[in-house]
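Fold and geometry: a report
So the chains spell out like this:
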Amino acid sequence: MAAHFALLIDPAPPAADRPDFADTFTVIDPSAPALSVGELSTQRGDGIFETIGVVDGHPQEVTAHLERLAHSAALCDLPAPNLAQWRQAVARAATACPAAGEGAVKLILSRGVEHGPAPTAWVTASVAPDHTPARENGVRVVTLDRGVDSGASERAPWLLLGAKTLSYAVNMAALREAHRRGADDAVFVSSDGVVLEGPTSSVILRFGDRFVTPATGTGILHGTTQMSLFEHLRATGREAAYETVPVAALARADAAWLVSSVRLAAPVTAVDGRELPVDRELTASVNRYLLSPRD
Ligand code: PLP
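These numbers were taken from a predicted model, which means no experiment stands behind them.

**Description of the overall build of the protein chain**
Across its full length, the protein chain holds 9 helices and 14 strands. By principal-axis analysis of the C-alpha atoms, the protein chain measures approximately 55 × 45 × 35 Å. Taking all 295 residues of the protein chain together, the buried fraction comes to 51%. Contacts spanning at least 24 positions in sequence make up 70% of the contacts within the protein chain whose residues lie at least 6 apart. Just so you have it, the protein chain exposes about 13300 Å², and 54% of that area is on carbon and sulfur atoms. Between the averaged position of the 25 positive side-chain charges in the protein chain and that of its 34 negative side-chain charges there is a distance of 4 Å.

**Here we look at the side chain of Thr124**
Note on placement: Thr124 falls in strand β6 (residues 120–127). In contact with Thr124, other than residues within four places in its own chain, are Ala3, Phe5, Ala6, Ala93, Ala104, Val105 and Lys106.

**Overview of the site of the ligand**
Residues in close proximity to the ligand total 17 residues, the closest being Lys164, Tyr168, Thr224, Thr225 and Ser261. With respect to the ligand, the side chain of Arg68 contributes an N or O atom lying 2.9 Å from an oxygen atom. Contact between the ligand and Ser201: a nitrogen atom at 3.4 Å from a main-chain N or O atom of the residue. Calculation on the ligand without its partners gives an accessible area of 390 Å², and the protein chains cover 94% of this total. Elements that contribute at least two residues to the shell around the ligand include exactly α2 (62–75), α7 (224–235) and β12 (255–260). Classifying every residue of the shell around the ligand gives 4 nonpolar, 10 polar and 3 charged.

**A short note on the side chain of Ser261**
Inspection of the secondary structure puts Ser261 in the loop between β12 and β13 (264–271). Within the local environment of Ser261, its side chain forms a polar contact with the side chain of His65, the two groups lying 3.3 Å apart. With sequence-adjacent residues up to four places away left out, Ser261 is seen in contact with Thr51, Gly53, His65, Thr224 and Thr225.

**Digging into the domain arrangement of the protein chain**
Split by domain assignment, the protein chain resolves into domain 1 (3–127) and domain 2 (132–290). Summarising the inter-unit geometry, the C-alpha centres of domain 1 and domain 2 are found 26 Å apart. The interface of domain 1 with domain 2 comprises 22 residues on the first partner and 17 residues on the second. Interface area, domain 1 with domain 2, both sides summed: about 1500 Å², of which 61% is carbon and sulfur. Per-residue buried area on domain 1 facing domain 2 is highest for Phe49, Arg68 and Glu102; these three make up 35% of the total on that side. Taken together, domain 1 and domain 2 are joined by 1 salt bridge. Put simply, domain 1 and domain 2 have 10 residue pairs in polar contact (both at pLDDT 80 or more) between them. Along the lines of polarity and charge, the residues of the side of domain 1 that touches domain 2 split into 7 nonpolar, 9 polar and 6 charged.

**With respect to the sheet that holds strand β5 (residues 102–110)**
With respect to topology, 6 strands assemble into an open sheet ordered β2-β1-β6-β5-β3-β4, the strand pairing being antiparallel. Each of the sheet's edge strands pairs with one partner strand only, and the pair in question is β2 (25–28) and β4 (58–59). As judged from the 4 bridges shared by strand β1 (residues 3–9) and β2, these two strands associate in the antiparallel manner. Looking at the pairing, Leu7 lines up with Val27 of β2.

**Let's talk about the nonpolar core**
Looking at soluble globular proteins, one finds that nonpolar side chains tend to be buried together. Membership of the largest hydrophobic core comes to 28 residues, with the highest contact counts inside it found for Ile9, Ile48, Trp86, Val105, Leu107 and Val123. Among the secondary structure elements, those contributing two or more residues to this core are β1, β3 (47–55), α2, α3 (83–94), β5 and β6. Per-element tally for this core: the top contributor is α3, with 5 residues. Ignoring anything within four residues of it in the chain, the contact list for Trp86 reads Ile9, Leu66, Leu69, Pro81, Leu107, Ile108, Leu109, Ala121, Trp122 and Val123.

**Focus on α3**
Here α3 is 12 residues long and its end C-alpha atoms lie 16 Å apart, about the 16 Å a rise of 1.5 Å per residue gives. Looking only at α3, the buried set comprises Gln85, Trp86, Ala89, Val90, Ala93 and Ala94. For α3, the N-terminal cap is Asn82; the gap from its side-chain oxygen to the backbone nitrogen of Ala84 is 3.1 Å.

**Examining the environment of Ile52**
When you line up the elements, Ile52 lands in strand β3. Taking the C-alpha atoms as reference points, Ile52 and Val62, separated by 10 residues in sequence, lie 7.2 Å from one another. Among all residues touching Ile52, those that are not within four sequence positions of it are Pro59, Gln60, His65, Val90, Gly103, Ala104, Val105 and Leu107.

**Re the environment of Leu229**
You can see Leu229 is positioned in helix α7. Spatially, the C-alpha atoms of Leu229 and Ala240 are 9.3 Å apart, while their sequence positions differ by 11 residues. Here Leu229 is in contact with Ile204, Val259, Val286, Tyr289 and Leu290, once residues within four sequence places are set aside.

Here is what the cut-offs are and how they apply
Residues numbered from 1 in each chain as written. Predicted model: local features only at pLDDT ≥ 70, side-chain atom pairs only at ≥ 80, totals over all residues. Heavy atoms only, no water. Helix = DSSP H or I, 4+ residues; strand = E, 2+ residues; numbered from the N terminus. Buried < 20%, exposed > 50% of the residue type's maximum accessible area, 1.4 Å probe, protein only. Contact = heavy atoms within 4.5 Å. Areas by Shrake-Rupley, 256 points an atom, 1.4 Å probe, with all protein chains shown as cover. Lys, Arg positive; Asp, Glu negative; His and termini not counted. Charge placed at Lys NZ, Arg CZ, Asp CG, Glu CD. Near = heavy atom within 4 Å. Polar contact = N/O pair within 3.5 Å; in protein donor to acceptor, adjacent residues only side chain to side chain. Nonpolar A, V, L, I, M, F, W, Y, C, P; charged D, E, K, R; others polar. Domains from an automatic or database assignment. Buried area = accessible area lost by both parts, 1.4 Å probe. Salt bridge = Lys/Arg side-chain N within 4 Å of Asp/Glu carboxyl O. Pairing = 2+ DSSP bridges. Core = buried A, V, L, I, M, F, W, Y, C linked by side-chain atoms within 4.5 Å. Expected span 1.5 Å × (residues − 1).

Below is the structure:
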């Protein structure tokens, strides 16, 4: 997703209570150099981000994304972001997304330049790739050991497992490994055999009428798409629960999806080469919901 719009943000302190932050935004050329070579985001992946889906110009689930940005900032000891300022930056960037069709707004907050005075912050806008094939035909996944047990995030919070940090090299390596194994995507599992998440998605399983997602607290991101979908499922009379999901349960699921903000719900067609049933009708209705305006 190449950005065609970028806005540099002069981060305001969280207490700055003002109606308009427009003078803290600078539109920059997304194809021109903009960051200092001393940036810790590029030197160490030291920063956090969010990717927000934009449908027909409407940025989806902005509050949930901003709350997770604040949560990631706290886990990384970054200065608390001024959420009113970020909300205005998101609204500004969303106007650069297609008025009809899908786009994405990415928020980045880095620790800034080494020994510098402040974090560096920017947002970008891009046109989303066409994810219809994954939504309709699904994805084949392989399980990959994340190499840590399900208690690691509590025992070793410095691993930042529940933060959406810029250090996604491991997640990208997992995707490449999945491709090498002939799959489209991966599902991380803990070394003690618990289902975690995809490298860029949350996992949702269906057992009969019950929908289940792995409990947070095991070092996974709390997905905004999964949260929104659970709200929708409960509002339509379905049971949806957070549980510890043993790896063996994947084979027993009646259906499974990888869900995320831009690709939305991709049905899982096979796990480690074993076919899973695909509920096309339910998947289509879930994606219709995810494409409707959501706040
Ligand atoms: N887990 C990981 C590791 C992710 O990178 C993502 C999204 O990129 C998700 C889960 C899903 O989060 P969301 O639904 O908020 O996009």
